[in-house]
Amino acid sequence: GFVDYYVLRPLLGQRSFSLDDFVIGNKLGEGGFGVVYKATGVEDGETYVLKRCKDYGEAEIWTNSRLMRACPKYIAKYQGAFYGPKEKGAARGGGEQSIWKRAKSFAQKAVEVDDSDDDDPMWLVWKFEGSETLNGLMQSKEFPYNVEPFLFRDSGGVAVEGEPRGPARKKAIIQRIFKQILECLSGAHATGIILRDVKPENMIFDPKEGRFKLIDLGAAADLRFGFNYQPKEFILDPRFSGPEEYIMSTQTPEAPATPVALALSPALWQLNVPDRFDSYSAGVVLLQMCLPSLRSDDNLIAFRRKLEENGESLQAWRKELPSRMFTGENGEGFDVLDADDRAGWELVKSLMFKEREKRSSATGAKFSRFIVGKNPFVTVLDG
Ligand code: ADP
Ligand code: MG
């Protein structure tokens, strides 16, 4: 349609690729919307990531292109996209089945042929940033010490000099990670982009830069341009979405196809503070980083269920926890949250308010006590 030819095609031309430019390697992931492969560039020998999209390829191209211009530090280095065959050397189009599919679309639509199934799929290309996501890193018993050397390279690889492992050092590391995550979100939001799929699986760790970056941007909505793809299926992950998630999936309009529709689209920006959708997910991520008990899928789901039963009150959830949850590594996590007059706990609560309007924005959270420290002005006055 219009968007495809007049908006996306020019964007594809960041650098022109074809499947022949890569040697496809291991599969890195397979979601509902595509297959992700590691690949090697034939010409430069560099490592890339290729995603063959089933759906939402356009949305992902759009978001990547916008954020590569606005805040390139905060997302995986997007290289471009191309239409290509499913596999190298695979036959394209044709075949009896596709003819009948075409006939069926003719019959249904009369004018327009919907031959999308016969089209070459869309491939997206990024630089390979690293082999671990925040989710992978959190599955290790070593977390967060397994990222510490990369995050604090400038200060000898330790968060707090002379500090043995324990809540204080853990807090310093988690604070650094979460600050990076908030910077990513804040950067996207400043561009008018709401990510809608913020979770540890979608944060890749770049050990060279010592930074977490966002990946998997196909669920994002662009408030400025009105791109707000209506999820065909339920693409919003209920483990990380705020309790209002159903608003997003039932009231958001279809992606507008023409400039007129773009202008008239009653899109997300009519919802109050739509960026706070991502705030909630960020709050869940912070909680998981602190509390190992929330890192497994089952426990995370049980936690969300319990929250719902408690009217979304974190305080009530915490009060009901059995005492063993306050011992060992998990207890240490609560110490991290409670340190400095509950700076972390207050931040989590402010991000996870039931009412979206009350939630802290990502930018606001960057200036919270948990991130900035006790009092940002004390050092200035002391100095
Ligand atoms: P989906 O979740 O739809 O399968 P993602 O974009 O999240 O697709 O990618 C799947 C997996 O591929 C990620 O979890 C990550 O492990 C890996 N991956 C994606 N992009 C990159 C990248 N730029 N560098 C390194 N690994 C990546
Ligand atoms: Mg993903």
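We now turn to the structure provided with this report. Remember, predicted model here, so these are calculated numbers, not experimental data.

Looking at the sheet that holds strand β4 (residues 78-83)
Within the open sheet, the five strands sit side by side as β1-β2-β3-β5-β4. Their pairing is antiparallel. Of all strands in the sheet, those bounded by a partner on one side alone are β1 (22-31) and β4. Between one strand axis and the next, the sheet turns by 25 degrees as a mean value, whatever way the strands run. Bridge analysis of strand β3 (residues 47-53) against strand β5 (residues 122-127) gives six bridges, and the strand direction is antiparallel. The residue bridging cysteine 53 from the neighbouring strand is methionine 122, located in β5.

So, unusual backbone geometry
Cis geometry is adopted by the peptide bond preceding proline 144, which originates at phenylalanine 143 and carries an omega value of 5 degrees. Locating proline 144 in the fold gives a position in the loop between α4 (134-138) and α5 (148-151). You will see that arginine 196, though not glycine, has its phi angle at about 65 degrees, which is positive. Along the chain, arginine 196 falls in the loop between β7 (193-194) and β8 (203-206). Under the relative-accessibility criterion, arginine 196 is labelled buried at 2%. You will see that aspartate 340, though not glycine, has its phi angle at about 55 degrees, which is positive.

Overview of the coordination of the magnesium ion (ligand 2)
For the magnesium ion (ligand 2), the protein coordination sphere consists of Asn202 (OD1) and Asp216 (OD), at 2.1 to 2.3 Å. Of this pair, asparagine 202 sits in the loop between β7 and β8 while aspartate 216 sits in the loop between β9 (211-214) and β10 (221-222), and the two are 14 residues apart along the sequence.

With respect to the environment of glutamine 79
Considering the arrangement of structural elements, one finds glutamine 79 in strand β4. Using a relative accessible area of 14% as the deciding quantity, one classes glutamine 79 as buried. For the pair glutamine 79 and lysine 127, spaced 48 residues apart in the sequence, the C-alpha separation amounts to 7.0 Å. Separated by 3.2 Å, the side chain of glutamine 79 and the backbone oxygen of lysine 77 make a polar contact.

A look at the nonpolar core
Core analysis: the largest hydrophobic core is formed by 63 residues, its most contacted members being Phe178, Leu287, Met289 and Trp317. Sorting elements by how many residues they give to this core places helix α6 (residues 167-190) first, with ten residues. Domain assignment of the residues forming this core places at least three in each of domain 1 (1-84 + 120-128) and domain 3 (129-382). Filtering out sequence-adjacent residues up to four positions away, phenylalanine 178 remains in contact with Ala282, Leu286, Met289, Leu347, Leu351 and Ile371.

Looking at the packing of aromatic side chains
Under the defined criterion, the tally for this structure stands at twelve aromatic pairs. Seen from their ring centres, phenylalanine 22 and tyrosine 48 are 5.4 Å apart, and the 75 degrees between their planes marks the pair as edge-to-face. Placement of the pair is phenylalanine 22 in strand β1 and tyrosine 48 in strand β3, with a sequence separation of 26 residues. One exposure class covers both phenylalanine 22 and tyrosine 48, and it is buried. Ring centres 4.5 Å apart and planes at 40 degrees place the aromatic pair phenylalanine 205 and phenylalanine 212 in the tilted group. Phenylalanine 212 shares its class with phenylalanine 205; the two are buried.

The rules we used
- Residues numbered from 1 in each chain as written.
- Chains lettered and ligands numbered in written order.
- Predicted model: local features only at pLDDT ≥ 70, side-chain atom pairs only at ≥ 80, totals over all residues.
- Heavy atoms only, no water.
- Pairing = 2+ DSSP bridges.
- Helix = DSSP H or I, 4+ residues; strand = E, 2+ residues; numbered from the N terminus.
- Axes fitted to C-alpha atoms, helices over the stretch in contact; angles between N-to-C directions.
- Buried < 20%, exposed > 50% of the residue type's maximum accessible area, 1.4 Å probe, protein only.
- Donors = N, O, S within 2.8 Å, 3.2 Å for Na, K, Ca; no water.
- Polar contact = N/O pair within 3.5 Å; in protein donor to acceptor, adjacent residues only side chain to side chain.
- Core = buried A, V, L, I, M, F, W, Y, C linked by side-chain atoms within 4.5 Å.
- Domains from an automatic or database assignment.
- Contact = heavy atoms within 4.5 Å.
- Phe/Tyr/Trp six-rings, centres within 6.5 Å; stacked < 30°, edge-to-face > 60°.

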